[in-house]
Amino acid sequence: MANTKITKIEVLREMAQNEVIKANPNFANYVAHEIELLEKKSANRKSTKTQTENVGIKTEILKALEGSTGMTVSQIMPLVSEGAYTNQKISSLLRQLVEGGEVVRYTEKRVAFFRLA
């Protein structure tokens, strides 16, 4: 059995379906108001400064991979902002690009290579 954490909004939605809560207008109004506040809060989320910077770095990584049959992280590093980022940073962003389906990761002789999808 997987341990999935239940969120506050999920609890409130379940409570809103409960017959006891529905029968009492005070309880129903309270639960509806709390759900409304949580939805409003989640709608106002913005990207952080780092997330915004990462979009630009990912674009540079994709440009570096154009026309190549496969490159290692060490080969990509100097091509992205003239080597301003560590291999950990590049690896992390490459993993995100792989999960997003924009880049393909493959290995040859225990060395990881990346190319455009």
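Quick summary incoming for the structure in this document. No experiment lies behind these values; they were computed from the predicted model shown. (Residues numbered from 1 in each chain as written. Predicted model: local features only at pLDDT ≥ 70, side-chain atom pairs only at ≥ 80, totals over all residues. Heavy atoms only, no water.)

Across all of its chains, the model carries three salt bridges by this definition. Here E39 ties to R13 by a salt bridge, and the two come within 2.7 Å at their closest N and O atoms. Remark: R13 occurs in helix α1 (residues 8-17) and E39 occurs in helix α3 (residues 25-43); sequence separation between them is 26 residues. (Salt bridge = Lys/Arg side-chain N within 4 Å of Asp/Glu carboxyl O. Helix = DSSP H or I, 4+ residues; strand = E, 2+ residues; numbered from the N terminus.)

Along its 19 residues, α3 runs 27 Å from first to last C-alpha, staying within 8% of the 27 Å computed at 1.5 Å per residue. Of all the residues in α3, the buried ones are V31, E34 and I35. With its buried residues spanning 100 degrees around the axis, α3 presents them on a single face. Opposite the buried face of α3, at more than 90 degrees from it, the exposed residues are P25, N26, N29, E36, K40 and A43. Where the residues of α3 are buried, they touch α1 and α2 (19-23). (Expected span 1.5 Å × (residues − 1). Buried < 20%, exposed > 50% of the residue type's maximum accessible area, 1.4 Å probe, protein only. Arc of directions from axis to C-beta. Contact = heavy atoms within 4.5 Å.)

Next up on the list: the pairing of strand β2 (residues 111-116). Pairing geometry for strand β1 (residues 103-108) and β2, over six bridges, is antiparallel. Note that in β2 the partner of V103 across the bridge is L116. Between β1 and the antiparallel strand that follows it, β2, lie two residues; K109 among them carries a positive phi value of about 50 degrees. (Pairing = 2+ DSSP bridges.)

Mapping T72 onto the fold places it in the loop between α4 (49-65) and α5 (73-76). Setting aside chain neighbours within four positions, we find T72 in contact with V111, A112 and F113.

Positive phi outside glycine occurs at S81, with the angle close to 50 degrees. Its identity as a non-glycine residue notwithstanding, K109 has a phi of 50 degrees, on the positive side. Examined against the element boundaries, K109 turns out to sit in the loop between β1 and β2.

Counting residues in each nonpolar core, the largest one holds 14 residues, and the members touching the most others are I61, L65, I76, I90, L94 and V103. Mapped onto this core, the elements with two or more residues apiece are α4, α5 and α6 (87-99). Leaving out residues up to four positions away in the same chain, L65 has contacts with M71, I76, L94, V103, F114 and L116. In this structure, I9, L12, I21 and V31 belong to the second largest nonpolar core, which totals five residues. (Core = buried A, V, L, I, M, F, W, Y, C linked by side-chain atoms within 4.5 Å.)

Owing to its 3.6 residues per turn, the α-helix brings residues three or four apart onto one side. Across its 13 residues, α6 extends 18 Å between first and last C-alpha, which sits within 8% of the 18 Å expected from 1.5 Å per residue. Among the structural elements, α4, α5, β1 and β2 are those in contact with the buried residues of α6. G101 sits one or two residues past α6 and shows a positive phi near 85 degrees.

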